[in-house]
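# Results of the structural survey
Each chain is listed here by its residues.
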Amino acid sequence: MFEIDEKTGGIFLTRNFSFGERKTYKLFIEATDQGNPPMSSDALVLVNIINQHNTAPSLDVKFVSGSKENTAAISEGVKVGSFIAYVKVLDNDVGMNSEVSCELHHDKLQLLSLGRKKYKVIVKNRIDRETESFIDFTIVCKDEGSPPQRTEGKFSVQVLDVNDIQPQFTKDTYKFLTYENEDPNFPIGFINATDLDLGDGGQLIYSLLAEDYSFLPFEISNFGFISTTKPLDFEQQDVYKFKVFVRDNGTPSLNNTAHVIVEVMDENDNAPYFTFPSVNPFSLDVYYNPQSENDITVLRSSDRDSHVNAFLRYEILGGNHKQLFTVNPYTGVLSFSRTVYQNDAGSYELSFIVKDSGSPILSATTTLSLTLTVSNTTSKMYSAEDTESDNRIHINLMIIIVMSTVIVAVAVVVSITVCIVRRNNQRNEQYNDGIDSSNRFLGESKQGDYICEQMSLQYEASVTMTSVDDNKSSQASLPRLETHSGYKTRQNWRDSSAKVDSRDLTQGTRQNYTGINCTWNFSQDFHFIRC
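Residues numbered from 1 in each chain as written. Predicted model: local features only at pLDDT ≥ 70, side-chain atom pairs only at ≥ 80, totals over all residues. Heavy atoms only, no water.

In the nomenclature of an unreviewed UniProt entry, the protein corresponds to Protocadherin-18-like from the organism Octopus sinensis. As recorded by UniProt, the Subcellular location (unreviewed entry) comment attached to the protein reads in full: "Cell membrane". (UniProt positions renumbered as here; feature names shortened; annotations may be inferred.)

Laid out in structure tokens, this is it:
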């Protein structure tokens, strides 16, 4: 390690050495001359090693629970202030280079000094595995050298679960609806509870608790499904109230409860029944006088179902052949439907039915033996035979009126037809004989025209006559003439007709008329023919 120069006496290092090996060395030096005999002398040389290097400190951490690769484990149930690790700092420097300080910044852990270069790690705040399953922290150490050297140690602590979480329901009260008469094991609803613990602490077991310790027709599975154990009856009980109890399998076991309400909905499984009449058949005597009210009695019935299934309606099934009675479909009031006559007195076997409004519709029937007695002041007897007689009189009168109308109409049509035919025949002869024969034609037809005129005093018609000759058509019209009385009227009509015929004949004495369309107009004072 050291060597000396024989001539000069200089001491030199032969190799580098570690400061940690030794701090002081003692060297014995001997000096010898060249005399004969040679003379010598000894000297002691002390070599003090001064460290001029600044190394970073090192950490040695030991956890109470043991660790593996800087990872340890602690329980979440550990108390605040508990000791979890021991920290030792190593630094071989001297002087200020060996002065070391350490820090740990974390919300759950704290580093406390135990003396020079010794520390411990404790729990500062409560640890919750459900919030943080691993705790990662860093210890930083630095010396007072120039420049300062620092060391960081990163560690991880696993938080072990303990059964510290109570099972929680998503609701305080659960409400379910179900129908009556369903088969056993019919599902009612689902109860949801959670537990954030691990292992057995997170496994839940459900059970039902009756508030009045009565029998419950329900069961619950370990998954929280509620179902029936037997068919429910709305009429027996329509609402069930109980509690559901849940606990975990942890140690110690934790539990919780919630309220459950099951409402049973009604089905139309009960037929209505009459409460009045209470027996079937039921006898009832009724006395009527004109001052009496129309209401006779009130039918009453009941239905064990509810809501729309219990909404009842009444009807008369039979026995009301005279249509004397009516029943209010909603109130059940039986009353007279019309005026009561003396011949309405007697016995009636009235059949009634009451129906509910459910699905399917259920009903009940009853019979009422009603004996009706009327006073002597009641209106005169009104029989069905009288009604039929009046109907026959009205029908006969109508037949007579219709037949008379038809006969008159036929007579008028026949008369008009005869006049038209006679007039057409005379017109054809007039055109065939020429202009000179027109006056003779009018003279001969005077008597026939007079007859037509007398038959048509109350009517008015127009006659249009169409002729076809060499693809040409012509029309001859007889003007309307006023008639006053006797022969003068007929003479004026005849003269006017002659004038028209003369004009027509001047255009051609020979014309064939293939079609005649005549309209006759008759009135009290006028007789007019247009052809």
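## Re the sheet that holds strand β6 (residues 71-75)
Pairing is mixed across the open sheet formed by four strands, whose spatial order is β6-β12-β11-β8. Both edges of this open sheet fall to β6 and β8 (100-104), since each of them pairs with a single strand only. Across the sheet, the axes of successive neighbouring strands diverge by a mean angle of 25°, strand direction being ignored. Here five bridges tie β8 to strand β11 (residues 134-143), and the two strands are oriented antiparallel to one another. Across the sheet, residue Cys102 finds its bridge partner in β11, namely Cys141. (Pairing = 2+ DSSP bridges. Helix = DSSP H or I, 4+ residues; strand = E, 2+ residues; numbered from the N terminus. Axes fitted to C-alpha atoms, helices over the stretch in contact; angles between N-to-C directions.)

## Section: the sheet that holds strand β17 (residues 204-210)
Pairing is mixed across the open sheet formed by four strands, whose spatial order is β14-β21-β20-β17. The open sheet has two edge strands with one neighbour each: β14 (173-179) and β17. Sheet twist, expressed as the mean angle between neighbouring strand axes with direction ignored, is 30°.

## Looking at the state of the cysteines
By the definition in use, this model includes one disulfide. Here Cys102 connects covalently by a disulfide to Cys141, the sulfurs 2.0 Å from one another. Judged by the sign of its S-S torsion, about 110°, the cystine formed by Cys102 and Cys141 is right-handed. A residue pair is termed long-range when its members are at least 10 positions apart, and Cys102 in strand β8 and Cys141 in strand β11 qualify at 39 residues. Each member of the pair, Cys102 as well as Cys141, carries the same accessibility label: buried. (Disulfide = S-S within 2.5 Å. Buried < 20%, exposed > 50% of the residue type's maximum accessible area, 1.4 Å probe, protein only.)

## Some remarks on the pairing of strand β29 (residues 346-355)
Inspection of the sheet shows strand β26 (residues 313-318) paired to β29 by five bridges, in the antiparallel sense. Paired with Ile316 across the bridge in β29 is Phe352. Pairing geometry for β29 and strand β30 (residues 363-374), over ten bridges, is antiparallel. Bridge pairing in β30 places Glu349 opposite Ser369.

## Let's talk about unusual backbone geometry
With glycine set apart, most residues show a phi of negative sign, and most peptide bonds adopt trans. In this chain, Asn280 is followed by Pro281 through a cis amide linkage whose omega measures 0°. In this structure, Pro281 sits in the loop between β22 (273-276) and β23 (282-288). Put simply, Ser359 and Pro360 share a cis peptide bond, and its omega is 0°. Residue position: Pro360 is located in the loop between β29 and β30. In the Ramachandran plot, Asn181 falls in the positive-phi region, its phi being about 65° despite a non-glycine side chain. For Asn181, the position within the fold is in the loop between β14 and β15 (187-190). Among the residues examined, Asn181 registers a relative accessible area of 37% and is labelled partly exposed.

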